Amino acid sequence: MWEHEQLVVRTGERSGMTTMVALHSTKAGPAVGGCRMKPYGRITDAVTDVLRLSKAMTLKCEAAGIPHGGAKSVIVIDRPLTPELRRDVLLDHADLINEFGGAYRAGPDVGTGPEDMLVLREITPHAYCLPEEHGGTGSSSGPTARGVLAALKAASQHVFGTPDLTGRKVVISGFGSVGELIARGLAGAEIVVSDVDESRRTGEFGWVHPDEAYRVEADVLVPAAVGGVLSPETVRHLGAKLIVGPANNQLTDDSVAGLLAERGIVWVPDHVASAGGVIYTLAREDDGVDHETALKRVDGIEAAVHRLLGERQ
Ligand SMILES: NC(=O)c1ccc[n+]([C@@H]2O[C@H](COP(=O)([O-])OP(=O)(O)OC[C@H]3O[C@@H](n4cnc5c(N)ncnc54)[C@H](O)[C@@H]3O)[C@@H](O)[C@H]2O)c1
């Protein structure tokens, strides 16, 4: 069933590249969501991605009690990006964002960062997370990782009877900006990391090949790379008892949640665990609260996960 309010796909005038915005819902307020920039095999793959991700943003805002709806945008990279081309496609995308008249407000996502938001701002006021020296809150990776750590505490209490993961084996799949901060926030745990990018292997933590990350016997698995990693096939071989991570849309489809429950594996939905970034950004940039107050709101994810897992019992 079609449940989105709008999907707009445009060919950029400057760049000739395809960019798109999916507005899932504005019922709770203007829709927010990141701008993803990456190559896709086919345009239809990008459309599928933007539709799923925008719906997940609605769920994320709802779960976090934020008065916003969900949206997402995608810039489809179809050739090597020079700095000029990157700028052109961002400006094209900013034109598209403006067509929504404030109903869609963009932030960074995979492939974009605060410097790109600065380029969007040349054309549209509807871009969050500018670099701090330009008055924004910069990268949201820190608050996102903090939110995952809060979710981990509550879930660990539920599964292991203690919020403390000291001595427990934690596998983190995706050793990028959020994955690394989660690893550093779990002092005392036995951390094993995994990444398709071998250059991320530093020797500081244990290492497992990405193909094995979901099979390794562990107490906790943290999906921190890409979506669609929990499928009927992967769930059959999962080696962890608890799954909590920031990667968006971890399940290949909703039925996988039932398969996890059948195997007795506790999974905290990604739209709950990964909300720290959006909670922090909106608290600072829309509500104008200070850093500490915004972090306290992020820490509220712990109580949200307690409620969620309590209800499931
Ligand atoms: N950064 C945020 O504030 C934020 C907020 C909400 C959700 N998320 C989600 O969390 C995840 C991580 O975000 P990030 O900002 O750390 O991204 P990132 O790009 O910094 O890191 C992702 C890492 O995953 C690795 N990777 C890619 N495919 C992989 C695979 N198949 N197996 C193992 N590793 C793989 C990449 O090499 C990279 O090092 C993403 O799914 C993102 O959408 C991030």
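Residues numbered from 1 in each chain as written. Predicted model: local features only at pLDDT ≥ 70, side-chain atom pairs only at ≥ 80, totals over all residues. Heavy atoms only, no water.

By the naming in an unreviewed UniProt entry, the chain is Glu/Leu/Phe/Val dehydrogenase dimerization domain-containing protein, taken from Lentzea miocenica. For the chain, the Sequence similarities (unreviewed entry) comment in UniProt is given as "Belongs to the Glu/Leu/Phe/Val dehydrogenases family." (UniProt positions renumbered as here; feature names shortened; annotations may be inferred.)

Q: I tried to follow the nonpolar core on my own but got confused; where do I start?
A: Most often, soluble globular proteins have nonpolar side chains that are buried together. Among the nonpolar cores identified, the biggest contains 49 residues, and Val-170, Ile-172, Ile-182, Ile-191, Val-244 and Val-305 are the most heavily contacted of them. With eight residues, helix H4 (residues 141-160) is the single largest residue contributor to this core. Formed jointly, this core draws a minimum of three residues from each of two domains, domain 1 (6-60 + 68-134) and domain 2 (141-274 + 305-312). Setting aside its immediate chain neighbours within four residues, Ile-191 contacts Val-170, Ile-172, Ala-183, Leu-186, Phe-205 and Gly-206. Core analysis: the next-biggest nonpolar cluster, separate from the first, contains 25 residues, Met-17, Ala-31, Ile-77 and Leu-96 among them. (Core = buried A, V, L, I, M, F, W, Y, C linked by side-chain atoms within 4.5 Å. Buried < 20%, exposed > 50% of the residue type's maximum accessible area, 1.4 Å probe, protein only. Helix = DSSP H or I, 4+ residues; strand = E, 2+ residues; numbered from the N terminus. Domains from an automatic or database assignment. Contact = heavy atoms within 4.5 Å.)

Q: Sorry, what's going on with the sheet that holds strand S11 (residues 266-267) here?
A: Paired through backbone hydrogen bonds, the strands of a sheet run either parallel or antiparallel to each other. With parallel pairing, six strands are arranged side by side in an open sheet as S8-S7-S6-S9-S10-S11. Both edges of this open sheet fall to strand S8 (206-207) and S11, since each of them pairs with a single strand only. Packing against the sheet, H4 makes contact with strand S9 (218-223), strand S10 (240-243) and S11, and its axis sits at approximately 145° to S10. (Pairing = 2+ DSSP bridges. Axes fitted to C-alpha atoms, helices over the stretch in contact; angles between N-to-C directions.)

Q: Looking at this structure, I do not really get the confidence of the model for the chain. What am I missing?
A: For any part of a model where pLDDT is low, the fine detail of the predicted coordinates should not be relied upon. Taken as a whole, the chain shows an average pLDDT of 97; of its residues, 99% reach a score of 70 or greater. The ipTM for the predicted assembly is 0.99, set against a pTM of 0.96. (pLDDT = per-residue confidence, 0-100.)

Q: I would appreciate a short explanation of the pairing of strand S6 (residues 169-173) in the present structure.
A: Residues in a regular strand project their side chains so that they alternate between the two faces of the sheet. S6 sits mainly inside the fold: four of its five residues count as buried. Bridging between S6 and strand S7 (residues 190-194) involves five bridges; their strand directions are parallel. Bridging across to S7, Val-171 finds its partner in Val-192. In terms of handedness, the path from S6 via helix H5 (residues 177-184) over to S7 forms a crossover that is right-handed. In this structure, S6 lies alongside S9, joined through four bridges in parallel fashion. Each residue of the ladder has a partner; that of Val-171, found in S9, is Leu-221. (Right-handed = clockwise from strand over helix to strand, strands pointing away.)

Q: Explanation requested: the site of the ligand in the structure shown.
A: For the ligand, the set of nearby residues contains 23 residues, the closest of which are Ser-140, Thr-144, Val-178, Asp-195 and Ala-225. Between the ligand and the protein, one listed contact pairs an oxygen atom with a side-chain N or O atom of Asp-195 at 2.6 Å. For the ligand, a nitrogen atom lies 3.4 Å from a polar atom in the backbone of Val-196. Among the elements of the structure, H4 and H5 are those that each provide at least two residues to the shell around the ligand. Of the residues belonging to the shell around the ligand, the class tally is ten nonpolar, nine polar and four charged. If you count residues domain by domain, the shell around the ligand takes at least three from each of domain 1 (6-60 + 68-134) and domain 2 (141-274 + 305-312). (Near = heavy atom within 4 Å. Polar contact = N/O pair within 3.5 Å; in protein donor to acceptor, adjacent residues only side chain to side chain. Nonpolar A, V, L, I, M, F, W, Y, C, P; charged D, E, K, R; others polar.)

Q: Mind showing me how you'd approach the packing of aromatic side chains here?
A: Centre-to-centre distance and the angle between the planes together describe a pair of aromatic rings. Under the definition given, this model contains two aromatic pairs. Consider the rings of Phe-100 and Tyr-104, whose centres lie 6.5 Å apart with planes at 80°: the pair is edge-to-face. We classify Phe-100 as buried; its relative accessible area is 9%. Ring centres of Phe-175 and Phe-205 lie 5.8 Å apart, and the angle between their planes is 75°; on these two criteria the pair is classed as edge-to-face. Residue Phe-175 is located in the loop between S6 and H5, and its partner Phe-205 is located in the loop between S7 and S8; the two are separated by 30 residues in the primary sequence. With relative accessibility at 18%, the residue Phe-205 sits in the buried group. (Phe/Tyr/Trp six-rings, centres within 6.5 Å; stacked < 30°, edge-to-face > 60°.)

Q: Just to check I follow, could you spell out the packing of helix H2 (residues 83-99) against helix H3 (residues 114-121) for this structure?
A: Pairs of packed helices are described in terms of their axes, by the angle between the two and the distance that separates them. The geometry of H2 relative to H3 is characterised by a closest axis approach of 8 Å and an angle of 60° between their N-to-C directions. Relative to H3, the element H2 lies oblique. Here H2 runs over H3; the crossing is right-handed. Along the contact surface, H2 presents Arg-86, Arg-87, Leu-90, Leu-91, His-93, Ala-94 and Ile-97, while H3 presents Asp-116, Val-119 and Leu-120. Here the residues of the contact of H2 with H3 sort into six nonpolar, one polar and three charged. (Parallel < 35°, antiparallel > 145°, perpendicular 65-115°, else oblique. Left-handed = near helix turned anticlockwise from the far one by under 90°.)

Q: What is the right way to read the sheet that holds strand S3 (residues 31-38) from this model?
A: Taken together, five strands build an open sheet; the order of strands is S1-S2-S4-S3-S5 and the sheet is mixed. At either margin of the open sheet sits one strand with a lone partner, and together these are strand S1 (6-11) and strand S5 (104-108). Each strand axis lies, on average, 20° off the axis of its neighbour in the sheet, ignoring direction. Pairing of strand S2 (residues 18-23) with strand S4 (residues 69-76), which is carried by five bridges, proceeds in the antiparallel orientation.

Q: Looking at this structure, I do not really get the domain arrangement of the chain. What am I missing?
A: When the parts come together, some accessible area is lost, and that loss is often what is quoted as the size of the interface. Split into domains, the chain comes out as domain 1 (6-60 + 68-134) and domain 2 (141-274 + 305-312). Between domain 1 and domain 2, the contact holds eight residues from the first and six residues from the second. Summed over the shared surface of domain 1 and domain 2, the number is zero salt bridges. Our count for the domain 1 to domain 2 interface comes out at four residue pairs in polar contact (both at pLDDT 80 or more). (Salt bridge = Lys/Arg side-chain N within 4 Å of Asp/Glu carboxyl O.)

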